[in-house]
Amino acid sequence: MPDLQVKTYTGKDISLKTETIDKLKESLRGKVLTSESDQYNETRAIWNAMIDKRPALIVRCASAADVMRAVRFAGEHKLLVAVRGAGHNIAGNAVCDGGMMIDLLPMKSVRIDAKGMTARVEPGVTLGELDRDTQAFGLATPVGINSTTGIAGLTLGGGFGWLSRKLGLTIDNLISADVVTAAGELVKASATDNADLFWGIRGGGGNFGVVTSFEFRLHKVGPEVFAGLIVHPLDAAKDVLRFYRDFIKTTPQEFVCWFVMRMAPPLPFLPPEWHGKHVLALALCYSGDMKDAERIAKPLRSFGKPVGEHIGPMPFVAWQTILDPLLTPGMRNYWKSHDFREASDGLIDVLIAHARKIPDPQSEIAFAQLGEGVTRISKEATAYTHRDAQFVMNVHGRWDNPASDAKCISWARELFQAAAPFATGGAYVNFMTQEEQDRVRSAYGSNYDRLVTLKKKYDPNNLFRLNQNIQPSGS
Ligand SMILES: Cc1cc2nc3c(=O)[nH]c(=O)nc-3n(C[C@H](O)[C@H](O)[C@H](O)COP(=O)(O)OP(=O)(O)OC[C@H]3O[C@@H](n4cnc5c(N)ncnc54)[C@H](O)[C@@H]3O)c2cc1C
């Protein structure tokens with residue numbers, strides 16, 4: 001076999017001898033793939049089909065020891081490194097051109113301590129896998145709304161979903177993590193072990209090392225929640241959203257309602273004449289005592305004249321997968337996002353105007369509601385700093401034909417610009433694209449300098465640079 005041409009993080013191309021690659025292979029429980037390997041193409045593919053990168057080698061890790069060996073190998077040869085959890089991140093940093101991809105997807109173990117109400121989770125686990133395992137014990141931790149998202153990337157950036165208003169971000173439920181640092185050493189991070197690192201990985205992304213195990217606090221949830229969708233004509237959106245923003249303040253923390261503007265998909269509960277029409281969908285989930293659910297949701301359900309509604313008790317695990325059909329992998333995606341403290345009249349007008357111009361039936365404007373579970377924690381307590389945001393908007397440009405790239409991308413950018421005057425100026429790292437390196441400083445706000453100090457300590461050569469990168473130089 002000829003020598004392998006590999007890219008370094010300094011931008012050089014180097015040759016690695018076959019014996020060198022063979023030695024790496026022999027040291028691992030997992031596999032090393034190159035472009036000649038059978039599973040190469042499926043392993044380098046990620047959720048966002050806009051990203052098509054070809055690593056020189058992929059290390060499919062089976063254990064923390066494999067991750068240590070891969071990181072040491074990469075450090076020794078100064079390789080460009082990408083780290084992949086479940087490959088959902090919009091920026092596509094899970095894969096690289098010419099370097100080494102450290103693939104954690106094979107690491108799938110979940111170990112529940114039902115009595116202690118904790119879970120030990122490996123980084124290749126998806127949200128759906130975690131929910132199914134924890135719900136077998138009637139337990140859960142707050143995660144995102146799409147079951148094929150990876151727990152690793154989601155947690156490292158913050159993580160929010162239907163349970164966050166009450167139970168906080170995913171990181172607020174992280175008790176400890178095992179981390180392979182840039183030096184290839186496995187260390188524990190918790191409130192008492194390497195507390196600085198524990199602070200940094202709660203929102204600081206993959207900047208400081210590779211997490212090989214997460215320990216989460218679990219809560220009693222379900223097994224049923226009261227959840228579903230209420231769909232209104234977009235023409236009614238202004239009145240509905242004005243009612244909504246006041247209504248949610250009257251509800252208990254177990255009640256969460258996100259909203260989406262898009263063209264109606266052909267859902268069976270919507271009259272056929274509404275399929276493809278512009279709508280506002282309210283997606284609500286109440287995870288409190290089921291006997292109160294109807295009463296709490298009633299004012300929202302009674303407001304206006306919805307064109308369709310599908311709401312009721314359902315298993316939490318089922319609700320957690322309900323949006324999956326709209327978020328399947330393999331489409332082209334371009335996102336822009338903002339944080340907001342409130343849904344003001346001016347912002348609502350901007351959203352409605354741009355929703356009317358949605359460029360593709362798959363594209364949408366999604367608004368996540370956060371709330372007290374997130375805001376009650378101080379902004380210095382974890383690297384995730386924008387605790388004051390009540391809503392996170394994701395302008396989700398999504399389409400399948402490359403010929404639509406320009407029109408879908410410019411729609412997302414125009415809405416982003418138009419909504420900027422209403423936004424906090426903060427940003428959620430997990431929603432940022434590869435071209436938003438200039439927003440990293442604002443994404444970390446007043447925590448940025450502390451993160452730079454941490455980066456210098458744990459990754460002085462910036463081995464872990466394919467992420468929303470905190471540079472050791474602070475630049
Ligand atoms: C359809 C969809 C729905 C989403 N919904 C939500 C939501 O409801 N709530 C929410 O908070 N977010 C949501 N997100 C955003 C999601 O949190 C991020 O995309 C997240 O990065 C995905 O993690 P992953 O492991 O799948 O991604 P990957 O692309 O595999 O990883 C993302 C990055 O994280 C780093 N990384 C991954 N694993 C590790 C590790 N073990 N150690 C160190 N670094 C690592 C790497 O830098 C990598 O580039 C959603 C994303 C999508 C595509």
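Owing to the predicted nature of the structure, the values given are computational and were not obtained by experimental measurement.

Visitor: Sorry if this is basic, but what is going on with the side chain of Asp 360 here?
Guide: Note that Asp 360 resides in the loop between helix H11 (345–355) and strand E19 (364–369). Within the buried set, Asp 360 has no salt-bridge partner at all; the shortest N-O distance to an opposite charge, 5.7 Å, is to Lys 407. Within the local environment of Asp 360, its side chain forms a polar contact with the backbone nitrogen of Gln 362, the two atoms lying 2.9 Å apart. Dropping the residues within four chain positions of it, Asp 360 is found in contact with Met 263, Arg 398, Trp 399 and Cys 408.

Visitor: What is the right way to look at the environment of Tyr 444 in this model?
Guide: Among the secondary structure elements, Tyr 444 is positioned in helix H14 (residues 440–444). Non-local contacts of Tyr 444, meaning those with residues more than four positions away in its chain, are made with Gly 203, Gly 204, Gly 205, Ala 383, Thr 385, His 386, Val 429, Leu 451 and Ile 470.

Visitor: Looking at this structure, how should I read the sheet that holds strand E12 (residues 210–217)?
Guide: Backbone-to-backbone hydrogen bonds join strands into a sheet, with any given pair of strands oriented parallel or antiparallel. Here 5 strands make up an open sheet; going across it, the order is E7-E8-E12-E10-E11 and the pairing antiparallel. Since the sheet does not close on itself, it has two edges, and those belong to strand E7 (110–113) and strand E11 (186–190), each with one partner. Across the sheet, the mean angle from the axis of one strand to that of its neighbour is 15°, orientation sign disregarded. Across 4 bridges, strand E8 (residues 118–121) lies against E12 in antiparallel orientation. If you follow Arg 120 over to E12, its bridge partner there is Glu 215.

Visitor: Quick question: what am I supposed to make of the site of the ligand here?
Guide: Taken together, 35 residues lie around the ligand, and Gly 85, Gly 87, Asn 89, Phe 160 and Tyr 428 are the ones closest in. At a separation of 3.2 Å, an oxygen atom of the ligand approaches a polar backbone atom of Ala 86. For the ligand, the protein covers 97% of the area, taking 960 Å² as the surface of the free molecule. For the shell around the ligand, the secondary-structure elements that each account for two or more residues are strand E5 (81–84), helix H5 (151–157) and E12. Of the residues in the shell around the ligand, the class split is 19 nonpolar, 15 polar and 1 charged.

Quick notes on the rules
- Residues numbered from 1 in each chain as written.
- Predicted model: local features only at pLDDT ≥ 70, side-chain atom pairs only at ≥ 80, totals over all residues.
- Heavy atoms only, no water.
- Helix = DSSP H or I, 4+ residues; strand = E, 2+ residues; numbered from the N terminus.
- Buried < 20%, exposed > 50% of the residue type's maximum accessible area, 1.4 Å probe, protein only.
- Lys, Arg positive; Asp, Glu negative; His and termini not counted.
- Salt bridge = Lys/Arg side-chain N within 4 Å of Asp/Glu carboxyl O.
- Polar contact = N/O pair within 3.5 Å; in protein donor to acceptor, adjacent residues only side chain to side chain.
- Contact = heavy atoms within 4.5 Å.
- Pairing = 2+ DSSP bridges.
- Axes fitted to C-alpha atoms, helices over the stretch in contact; angles between N-to-C directions.
- Near = heavy atom within 4 Å.
- Areas by Shrake-Rupley, 256 points an atom, 1.4 Å probe, with all protein chains shown as cover.
- Nonpolar A, V, L, I, M, F, W, Y, C, P; charged D, E, K, R; others polar.

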